Amino acid sequence: MQALQPKVILGVAAHPDDLDFGMSGSIARWVNEGATAYYLILTNGNKGSEDRTLKPKQLREIRRQEQRAAAKILGVSEVFFCDYNDGELDCCKPVKNDIAKIIRQIKPDVVMTMDPTMVYDAPRGFINHPDHRAAGQATLDAVYPLARDHLAFPELLKKGLEPHKVGTVLLVNFDHSNFAVDISEVIETKLRALGAHESQFAHKQQTLDLVRDINKQSGSKLKVAYAEEFVRIDIQ
Ligand SMILES: [Zn+2]
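Residues numbered from 1 in each chain as written. Predicted model: local features only at pLDDT ≥ 70, side-chain atom pairs only at ≥ 80, totals over all residues.

Engineer: Would you mind showing me how to read the overall build of the chain here?
Structural biologist: In terms of regular secondary structure, the chain is built from eight helices and nine strands. The C-alpha radius of gyration computed for the chain amounts to 17 Å, which stays within 12% of the reference 18 Å derived for 236 residues, consistent with globular compactness. Once the C-alpha set of the chain is aligned to its principal axes, its extents read approximately 50 × 50 × 35 Å. Taking all 236 residues of the chain together, the buried fraction comes to 46%. Pairs at least 24 residues apart make up 79% of the contacts formed inside the chain by residues separated by at least 6 positions. (Helix = DSSP H or I, 4+ residues; strand = E, 2+ residues; numbered from the N terminus. Rg over C-alpha atoms; globule rule 2.2 N^0.38 Å. Buried ≥ 20, exposed ≤ 12 C-beta atoms within 10 Å, placed from the backbone. Contact = placed C-beta atoms within 7 Å.)

So this is what it looks like as C-alpha cells:
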C-alpha cells in the first residue's frame, strides 16, 4: 500500500470528542506536514453527561467549546457543527446532504470517520453507539456517490458547489485494519487535545492512559512507539 500524504483532510463524526479518540494523532501529524484539516461534528452532543444539573443547551455549548479547543491544539483549521440531537442521529438524506455539502465546499482528498460496520464487540463487552454507525454510513454515502455526482443534491450545484471526488477514506475500526500511521511525534499533542473534552471524563487520566496504551499496541505492530490504525479505502 502506498504512503499517504493528505493535502486536505475532513474528519466526520457524530459527537465532539469522537475524532480525538481515534484519529487526531494522524491529523496532527499531517497538519504538521502541511495538510489542512477540518472537522464536521454532526450532533450537538447534548446528551453526553451524567451531570443532572446540566441542561442540554448548556452541554451543547460546553462541548462545542471543548471541541474547538481540541481542534486548536491539533491545528485543525475549522470545526463545522450540525445540530442534530445527540442519540438521535439517523443515516438519512438531510445528514448525507450536510456532509456532501462540506465535502464539495472544502474538497478533501482524505475523509476520516468511524467504520459503520462496527456494531458491537462481544469480547470487550460494548455496543457501538448508534450515532457513530449513522455518522460513518452517512459519510460513506456522501463520499460515494452523493458528493461526486452532479445530479445528486442539485440544490448544492445551484449554490456553486461542484461535485468532488474523494481519493481515500480512512475508517476507525477497533477490530481490524489494513493501514497504520506513525503518531509517535504527536502522541502528547493528541492526548492534550483529547484531554480538552473535560466534560466527558469521569476518570480523565485513566482514559488518557488507555488511549496511550491502544496507540502503543498499534505502534508495536509498526515497530514505532505509537500509531493509529485504520481501514483504508482508496477509491478507484
Ligand atoms: Zn461518540
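Past the structure itself, the notes keep going.
Engineer: Just to check I follow, could you spell out the nonpolar core for this structure?
Structural biologist: Within the largest apolar cluster, 62 residues are counted, with the highest numbers of intra-cluster contacts made by Ile27, Leu40, Leu42, Ile99, Ile103 and Ala135. Ignoring sequence-local partners within four residues, the contact set of isoleucine 103 consists of Leu10, Pro108, Ala142, Val143, Ala147, His164 and Val166. (Core = buried A, V, L, I, M, F, W, Y, C linked by C-beta atoms within 7 Å.)

Engineer: What exactly am I supposed to notice about the sheet that holds strand S9 (residues 227–234) here?
Structural biologist: Backbone-to-backbone hydrogen bonds join strands into a sheet, with any given pair of strands oriented parallel or antiparallel. Pairing is mixed across the open sheet formed by seven strands, whose spatial order is S3-S2-S1-S4-S7-S9-S8. The open sheet has two free edges, formed respectively by strand S3 (78–84) and strand S8 (179–182), since each of these has just one partner strand. Strand-to-strand, the axes of this sheet are offset by a mean angle of 25°, without reference to chain direction. Bridge count for strand S1 (residues 8–13) against strand S2 (residues 36–43) is six bridges, and the pairing is parallel. (Pairing = 2+ DSSP bridges. Axes fitted to C-alpha atoms, helices over the stretch in contact; angles between N-to-C directions.)

Engineer: Any chance you could explain the pairing of S9 here in plain terms?
Structural biologist: Moving residue by residue along a regular strand, the side chains alternate between the two faces of the sheet. Direction of pairing for strand S7 (residues 168–172) relative to S9: antiparallel, over a ladder of four bridges. Residue pairing for S9: threonine 168 is matched across the bridge by aspartate 234. Where S8 and S9 come together, four bridges link them in antiparallel fashion. By the bridge assignment for S9, alanine 180 is matched with glutamate 229.

Engineer: Help me understand the packing of helix H3 (residues 56–74) against helix H7 (residues 187–195), please; the structure alone is not making it clear to me.
Structural biologist: For any two helices packed against each other, one specifies the crossing angle of their axes together with the interaxial distance. It is the contact of H3 with H7, at a shortest axis distance of 8 Å, that shows an interaxial angle of 165°. In terms of orientation, H3 and H7 fall into the roughly antiparallel class. The crossing of H3 and H7 is right-handed. Contact with H3, carried on its side by Ala70, Ile73 and Leu74, involves Thr189, Arg192, Ala193 and Leu194 of H7 and no other residues of that element. Tallied by class, residues from the contact of H3 with H7 come to five nonpolar, one polar and one charged. (Parallel < 35°, antiparallel > 145°, perpendicular 65-115°, else oblique. Left-handed = near helix turned anticlockwise from the far one by under 90°. Nonpolar A, V, L, I, M, F, W, Y, C, P; charged D, E, K, R; others polar.)

Engineer: In this structure, what is going on with the environment of proline 130? I would like to understand it.
Structural biologist: Structurally, proline 130 can be placed in helix H5 (residues 130–146). On a C-alpha basis, the gap between proline 130 and glutamine 67 in space is 21 Å, while along the polypeptide they are 63 residues apart.

Engineer: Quick question: what am I supposed to make of unusual backbone geometry here?
Structural biologist: Glycine aside, residues mostly have negative phi angles, and peptide bonds mostly take the trans form. Between tyrosine 144 and the following residue, proline 145, the backbone shows a cis peptide bond with an omega angle of 10°. Along the polypeptide, proline 145 turns up in helix H5. At lysine 107, a position not held by glycine, the phi torsion is positive, near 50°. Among the secondary structure elements, lysine 107 is positioned in the loop between helix H4 (93–106) and strand S4 (110–114). Lysine 107 sits in the partly exposed class, given 16 other C-beta atoms within 10 Å. Phi angles above zero are rare outside glycine, and phenylalanine 153 is one such case at about 45°. Take phenylalanine 153: it is sitting in the loop between H5 and helix H6 (154–158).

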